[in-house]
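Chain residues, written in single-letter form:
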Amino acid sequence: LIIDCEGTESTPHRGFYFYHDEDANSILAGLTITNGYTLNSGGAIRCIEASPTITHCDIIGNTTGILVDGGAGINCLFSGSMITNCKFINNVAKGEGVGGGFRGSYASPHATINNCVFIGNSAYRGGAIFNCDGPINNCIISDNVARYGGGLHSCDGPITNCIISGNSGAYTGGLDWCRGP
């Protein structure tokens, strides 16, 4: 099933918004979410103080505008979301936006990202992923672009068994400001 948000700068739309204590029993599965456009955060999906399960979804060609919050694919703030077996492809956080594919939170809880693919995403910081302090496991993070951290930026959780290759940035390509194991 394809969810075409038909979002533009003049008529912004996102696919899904979790914002009221949804937990892991709220499951978003098996969808392609495309053409989401928001001015600030979560072009395809936004999770604020909610922790849904997002699995087997393709997050393709979503955009956040020029405000810095970002997360053109998924934006998870204060969210312990479980994100598994998803593809993040060609999502763009414009201007000084962060997290072309995914943007997490500085504060607990933190999202977990397992068995996901991030290809061709772009942002000012963290072309693929920005600020994921939860675990990132068994992911492919390739060919993403950012000024700082083409692959990942500010990810302090454990990064395990991932392929991080071909990412580029004006200052750092693979990882930048990632202090976790």
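Anything mentioned here points back to the structure above.
Residues numbered from 1 in each chain as written. Predicted model: local features only at pLDDT ≥ 70, side-chain atom pairs only at ≥ 80, totals over all residues. Heavy atoms only, no water.

K.L.:
I'd like a rundown of the pairing of strand S21 (residues 145-148), residues and numbers included.
P.N.:
As paired strands, strand S17 (residues 122-125) and S21 are joined by 3 bridges and run parallel to one another. Directly across from serine 122, in S21, lies its bridge partner valine 145. Strand direction decides the pairing type here: S21 and strand S25 (residues 168-169), joined by 2 bridges, are parallel. Residue pairing across strands places valine 145 opposite serine 168, the latter belonging to S25. (Pairing = 2+ DSSP bridges. Helix = DSSP H or I, 4+ residues; strand = E, 2+ residues; numbered from the N terminus.)

K.L.:
Give me the lowdown on the pattern of salt bridges, citing residues and values where you can.
P.N.:
Per the stated rule, a full pass over the model turns up 2 salt bridges. A salt bridge links aspartate 69 to arginine 103, with the nearest nitrogen and oxygen atoms 3.4 Å apart. Here aspartate 69 is found in the loop between strand S9 (63-64) and strand S10 (74-77), whereas its partner arginine 103 is found in strand S14 (residues 102-103), with 34 residues between them in sequence. Each member of the pair, aspartate 69 together with arginine 103, is buried. Of the charged contacts in the structure, one is a salt bridge between arginine 179 and aspartate 156, with a shortest N-O distance of 3.2 Å. Taken as a pair, arginine 179 in the segment after strand S26 (175-176) and aspartate 156 in the loop between strand S22 (152-153) and strand S23 (159-160) lie far apart in primary sequence, 23 residues in all. (Salt bridge = Lys/Arg side-chain N within 4 Å of Asp/Glu carboxyl O. Buried < 20%, exposed > 50% of the residue type's maximum accessible area, 1.4 Å probe, protein only.)

K.L.:
Residue-level account of the sheet that holds strand S16 (residues 117-119), with values.
P.N.:
Across the sheet, which stays open at both edges, the 7 strands sit in the order S1-S4-S8-S12-S16-S20-S24 with parallel pairing between neighbours. If you trace the sheet from one side to the other, it starts and ends with strand S1 (2-4) and strand S24 (163-165), each paired once. Across the sheet, the axes of successive neighbouring strands diverge by a mean angle of 10°, strand direction being ignored. Here 3 bridges tie strand S12 (residues 87-89) to S16, and the two strands are oriented parallel to one another. In the sheet register, lysine 87 faces S16, and the bridge partner there is valine 117. (Axes fitted to C-alpha atoms, helices over the stretch in contact; angles between N-to-C directions.)

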